[in-house]
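Chain by chain, the residues:
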Amino acid sequence: MNLSKTYEPGEYESDIYDLWEKSGAFTPKNRGSDKTYSIVMPPPNANANMHIGYEFTAVLEDIPVRYHRMKGEAALLLPGADHAGFETQAVYEKHLAKEGKSRFDFSREELYKDIWDFVALNRDNFEAQLRTMGASVDWSRFTFTLDKKIVDRAYKTFKKMWDEKLIYRGERLVNYCTFHRTGFADIEVEYSDAVSPLYYIKYGPFELATTRPETKFGDTAVAVHPDDKRYSKWVGKTVTVEGVNGPFDVMVIADEMVDMEFGTGVVKITPAHSFDDWEVAKRHNLPVVRVIEHDGTMNEKAGKYRGMTVMEARLAVAEAMKEKGLLIKVDENYHNRVGKCYKCGTVIEPMLMQQWFVDMQPLAKRAIAALQAKKINFYPDSKRTQLITYLEGLKDWNISRQIAWGIPIPAFQNVDDSDDWIFETNTDQEIIEKNGKTYHRDPDVFDTWFSSSSWPYATLNYPSEDFDKFYPLSLMETGGDILYPWVSRMIMLGLYVTDDIPFKEVYIHGYIRAEDGTKMSKSIGNTVDNGALLKEFGSDAVRMGIIAGRSPGESASFAPGKIQAARNFCNKLWNVARYIEDVIGDDFEARKTPEVLSIADHWMLTKLQQLTERVTSDLDNYRFSEAYDSLYHTVWDDFADWYLEASKATPNPGLLAYFLENLLKLAHPFAPFVTETIWQTLKWEGDSLLITSSWPEISLAADPKKARDFETIQTMVVECRTIIANIGLSKPILGYKGSEFLEMHAGLIMRLARLGSVEKGLEANGLRLTRAPFEAWIIVDANTAQKYLSKLEEKQSAEAVSVERLKGRLSNKAYVESAPEKLVAETRAQLEESEAKLHQITTEIDSFNL
């Protein structure tokens with residue numbers, strides 16, 4: 001026998017992947033179809049090893065690519081890595097901090113080089129992890145987001161926007177992290193509930209409430225609502241405010257931004273440090289005074305508070321106001337929402353800065369039209385509506401980042417004229433001469449999302465043959481957390497640059513949470529050790545275990561039990577193959593001319609046809625979990641438990657091999673390593689590969705009547721096994737009255753039901769089978785029959801309680817209307833199943849004649 005006694009994944013997986021790679025199986029080729037199928041993988045961050053969430057992503061992308069490759073299509077799975085600008089630099093800064101250093105100890109060029117070397121150390125790690133997971137990627141097309149073609153594409157897009165007036169330089173408030181000293185787009189800020197002191201202060205003739213007394217030095221107005229009659233006499237007047245650094249004058253304005261119910265209905269306006277106040281300032285043409293530096297300390301405008309951190313100044317100013325009688329009271333229990341840096345937790349400071357912005361309205365308008373026209377399918381479809389809503393409220397995009405690690409912005413400023421900017425791509429130079437003028441390079445880099453938004457077409461070298469062949473992508477598979485920052489921008493820039501949608505379908509997966517349902521976090525220590533998991537269970541088990549029971553868009557807890565079940569499935573496939581190899585020896589040619597002989601053959605052929613149709617349909621519609629579930633139960637329940645046992649009565653080697661061949665093909669997208677190992681060990685077609693074999697098309701014809709005959713036998717066998725298990729008899733006798741069907745299949749029934757014999761003409765004395773269309777009974781004495789009846793009555797009572805409990809739940813209007821639709825459907829299914837069980841038990845009890 002060629003197949004070893006047990007399947008040990010670690011002994012085969014590396015060799016199998018090398019076989020695929022060296023054979024060129026990952027290179028997209030048409031094999032019987034003129035269609036193409038393409039996925040460009042979301043690039044994982046190049047700064048660390050892959051977590052289980054990205055492994056989940058890789059599996060969800062590899063399954064459809066393997067499926068379409070077997071359908072003969074030129075299937076491309078293009079891999080890459082993301083330089084992840086700010087993310088990577090933040091990780092590297094932590095590394096520097098451990099050595100007692102900071103980014104400010106290095107020049108921009110030095111820091112960039114050091115981070116490049118740091119990232120290079122990790123690249124081999126995640127490439128190895130992709131191989132371990134069995135991702136069938138075309139490594140020859142591997143793309144890094146700092147590769148020249150990506151940089152060039154970012155520059156061309158920037159230039160196109162520059163020429164078409166979609167890019168502009170503006171001084172505006174941006175979200176700023178004073179720890180990392182860089183700005184963020186609105187979508188990158190994480191908001192959380194907080195409890196902050198609310199200071200009630202005297203402010204000229206008014207009293208007002210504020211959470212930020214330290215920004216008082218930048219106040220340029222005080223605002224009330226136009227309809228607030230309490231303060232209408234003050235509108236348009238200048239009032240003098242007593243401050244901790246002396247008195248100052250501000251104008252009283254009326255603006256609908258003011259909430260008359262908040263505090264006293266009076267708001268101080270600090271345009272340089274509040275997004276709301278900035279908008280008010282623009283409407284009323286107010287001056288803007290910045291009082292906080294980029295390092296988070298107060299500037300010279302704060303007088304004696306200069307150099308203090310924001311929090312130090314807040315407390316000091318409040319204390320000074322108290323001493324001067326300007327602090328009325330402090331509400332220590334004010335609940336508000338505070339924006340924080342998603343990497344370090346520093347409170348985001350609205351900061352007035354000169355940045356590059358993209359006018360998003362023209363881009364968003366076209367994307368909305370494409371989404372409304374349903375040019376892109378979404379799984380789940382609800383994500384389309386979410387995306388449209390997001391795009392309808394989209395603000396201009398700040399694409400400048402004050403970090404070293406990234407793509408330099410190709411813009412140079414005239415050292416003698418701050419308004420004179422030119423576009424130049426030679427960003428390796430800090431200073432250039434043009435037409436007798438000296439220009440200094442903008443020190444900022446692009447927001448990572450700006451370059452990665454071109455990912456679908458830039459990776460395909462747009463314009464190129466690859467682009468013509470594989471664009472739009474067939475599928476974009478990614479997580480819901482980057483639906484807005486990435487998917488939306490890929491759609492907008494794809495339409496803008498290529499005049500076409502970037503992908504035809506979008507599959508959004510949910511999070512893999514910790515076992516207790518919380519978010520996985522390294523700091524909490526509830527993450528999964530991927531290496532240990534793969535070593536213990538093997539890649540195929542992890543692949544199938546993490547997709548089991550999952551639907552698009554829904555998060556679910558990590559379930560070790562599902563991975564164990566998937567490992568058991570791999571072992572079951574292996575043992576099935578060993579059994580079949582033992583039956584047929586080396587005569588695998590017989591599978592090419594199989595004959596369908598027994599009723600079990602016809603039944604299993606029907607099951608294979610149904611499975612092929614279901615898996616094909618499910619994979620066509622990205623129902624990965626459903627496809628795997630069907631495969632699992634057909635292989636385990638139908639083929640291994642029923643057909644193989646039945647086939648021992650009437651062996652059919654050619655059909656056994658035919659069934660195994662097609663089951664291996666159906667299983668391959670989910671469990672590529674074990675299926676290919678079996679395929680190679682059995683040597684079906686010499687040097688052929690399962691990965692590039694054809695997807696099953698079951699052309700053999702099954703006789704529906706004969707298939708139903710086997711199902712009749714199954715029904716009888718299940719009932720016999722149930723009775724035998726309850727009465728504890730070994731190999732009892734099954735008696736029956738005249739029945740040609742039972743006489744013909746007595747041997748098969750005896751074998752499957754583990755009976756001592758099946759005999760015709762015996763007196764009807766025992767436990768009657770209630771589910772068979774024939775009069776038959778298991779012969780037992782009256783005492784044994786009575787004990788079995790008592791057990792049935794106990795089951796009847798328990799099932800009746802279950803039925804009433806479920807009916808009660810469904811009669812609760814609040815439950816039916818408020819509970820998740822899926823949960824209510826499950827309850828209805830449980831009730832239907834419970835009622836069927838109760839009916840069957842009652843029928844069995846009614847059949848007794850003691």
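Refer to the structure presented above.
These remarks concern the structure in this document. Note that the structure is predicted; figures quoted are calculated from it, not measured. (Residues numbered from 1 in each chain as written. Predicted model: local features only at pLDDT ≥ 70, side-chain atom pairs only at ≥ 80, totals over all residues. Heavy atoms only, no water.)

### Some points on the packing of aromatic side chains
Filter applied, for reference: Between rings of Phe, Tyr and Trp, where Trp is taken as its six-membered ring, a pair exists when centres lie within 6.5 Å; planes separated by under 30 degrees are stacked, by over 60 edge-to-face, and by other angles tilted. Segments assigned H or I by DSSP are reported as helices when at least four residues long, segments assigned E as strands when at least two residues long, and all are numbered from the N terminus. Residue exposure (1.4 Å probe, protein chains only): buried if accessible area is under 20% of the type maximum, exposed if over 50%, otherwise partly exposed.
By the definition in use, this model includes 54 aromatic pairs. Ring centres of phenylalanine 158 and tryptophan 356 lie 5.8 Å apart, and the angle between their planes is 80 degrees; this geometry places the pair in the edge-to-face category. Of this pair, phenylalanine 158 sits in helix 5 (residues 148–163) while tryptophan 356 sits in strand 14 (residues 349–358); the two residues are 198 residues apart in sequence, bridging distant segments of the chain. On the accessibility criterion, tryptophan 356 (3% relative accessible area) is buried. Centre to centre, the rings of tyrosine 632 and tryptophan 636 are 5.6 Å apart; their planes meet at 15 degrees, and the pair counts as stacked.

### Regarding the side chain of aspartate 447
What counts is decided by this rule: Contact between two residues is taken to exist if any of their heavy atoms lie within 4.5 Å; hydrogens are not considered.
Position of aspartate 447 among the secondary structure elements: in the loop between strand 22 (445–446) and helix 10 (448–452). Not counting residues up to four positions away in its chain, the partners in contact with aspartate 447 are Glu188, Trp397, Asn398, Ile399, Arg401 and Arg489.

### Notes on the pattern of salt bridges
Quick note on the threshold: In what follows, salt bridge is the name for a side-chain nitrogen of Lys or Arg lying within 4 Å of a carboxyl oxygen of Asp or Glu.
Following the criterion strictly, the structure yields 41 salt bridges and no others. Measuring nitrogen to oxygen at the nearest pair gives 2.9 Å for the salt bridge that ties arginine 283 to aspartate 255. Here aspartate 255 lies in the loop between strand 11 (248–254) and strand 12 (266–269) and arginine 283 lies in helix 6 (residues 275–284), a separation of 28 residues in the sequence. For aspartate 255, a relative accessible area of 6% translates into the label buried. As a salt-bridge pair, aspartate 381 and arginine 384 come within 2.5 Å of each other at their nearest N and O atoms. Look at arginine 384 and you get buried, because its relative accessible area is 6%. Because the salt bridges share partners, they merge into one network encompassing Arg212, Glu214, Arg314 and Glu349.

### Here we look at the sheet that holds strand 29 (residues 766–768)
This is how it is decided: Pairing between two strands requires that DSSP report at least two bridges joining them. Helix axes are fitted to C-alpha atoms over the stretch in contact, other axes to C-alpha atoms as well, and angles between N-to-C directions run from 0 to 180 degrees.
Across the sheet, which stays open at both edges, the 4 strands sit in the order 28-27-30-29 with mixed pairing between neighbours. Strands with a single pairing partner mark the edges of an open sheet, and in this sheet they are strand 28 (757–760) and strand 29. Across the sheet, the mean angle separating the axes of adjacent strands is 30 degrees when strand polarity is ignored. With 3 bridges connecting them, strand 29 and strand 30 (residues 776–779) associate as antiparallel partners.

### Details of the packing of helix 19 (residues 653–667) against helix 20 (residues 672–682)
Packed helix pairs are characterised by how far apart their axes lie and by the angle those axes make with each other. Let me state the cut-off plainly: Put simply, a crossing is left-handed when the front helix is turned counterclockwise from the back one by less than a right angle, and right-handed when it is turned clockwise. Under the scheme applied, nonpolar residues are Ala, Val, Leu, Ile, Met, Phe, Trp, Tyr, Cys and Pro; charged residues are Asp, Glu, Lys and Arg; polar residues are all the others, including Gly.
Relative orientation of the contacting elements helix 19 and helix 20 amounts to 145 degrees, with a least axis distance of 9 Å. Judged by the twist between their axes, the crossing of helix 19 over helix 20 is left-handed. Each of Leu660, Glu661, Leu664, Lys665 and Ala667 in helix 19 lies in contact with helix 20, whose residues at this interface are Thr675, Ile678, Trp679 and Leu682. Grouping the amino acids of the contact of helix 19 with helix 20 by side-chain chemistry returns 6 nonpolar, 1 polar and 2 charged.

### Focus: the packing of helix 18 (residues 624–647) against helix 22 (residues 740–753)
Convention followed: Roughly parallel means an angle under 35 degrees; roughly antiparallel means over 145; roughly perpendicular covers 65 to 115; every other angle is labelled oblique.
Contact geometry of helix 18 with helix 22 gives a least axis separation of 10 Å together with a crossing angle of 130 degrees. Between helix 18 and helix 22, the angle is such that the two are oblique. Relative to helix 22, the crossing made by helix 18 is right-handed. Each of Trp642, Glu645 and Ala646 in helix 18 lies in contact with helix 22, whose residues at this interface are Leu748, Arg751 and Leu752. Looking at the contact of helix 18 with helix 22, its residues break down into 4 nonpolar, no polar and 2 charged.

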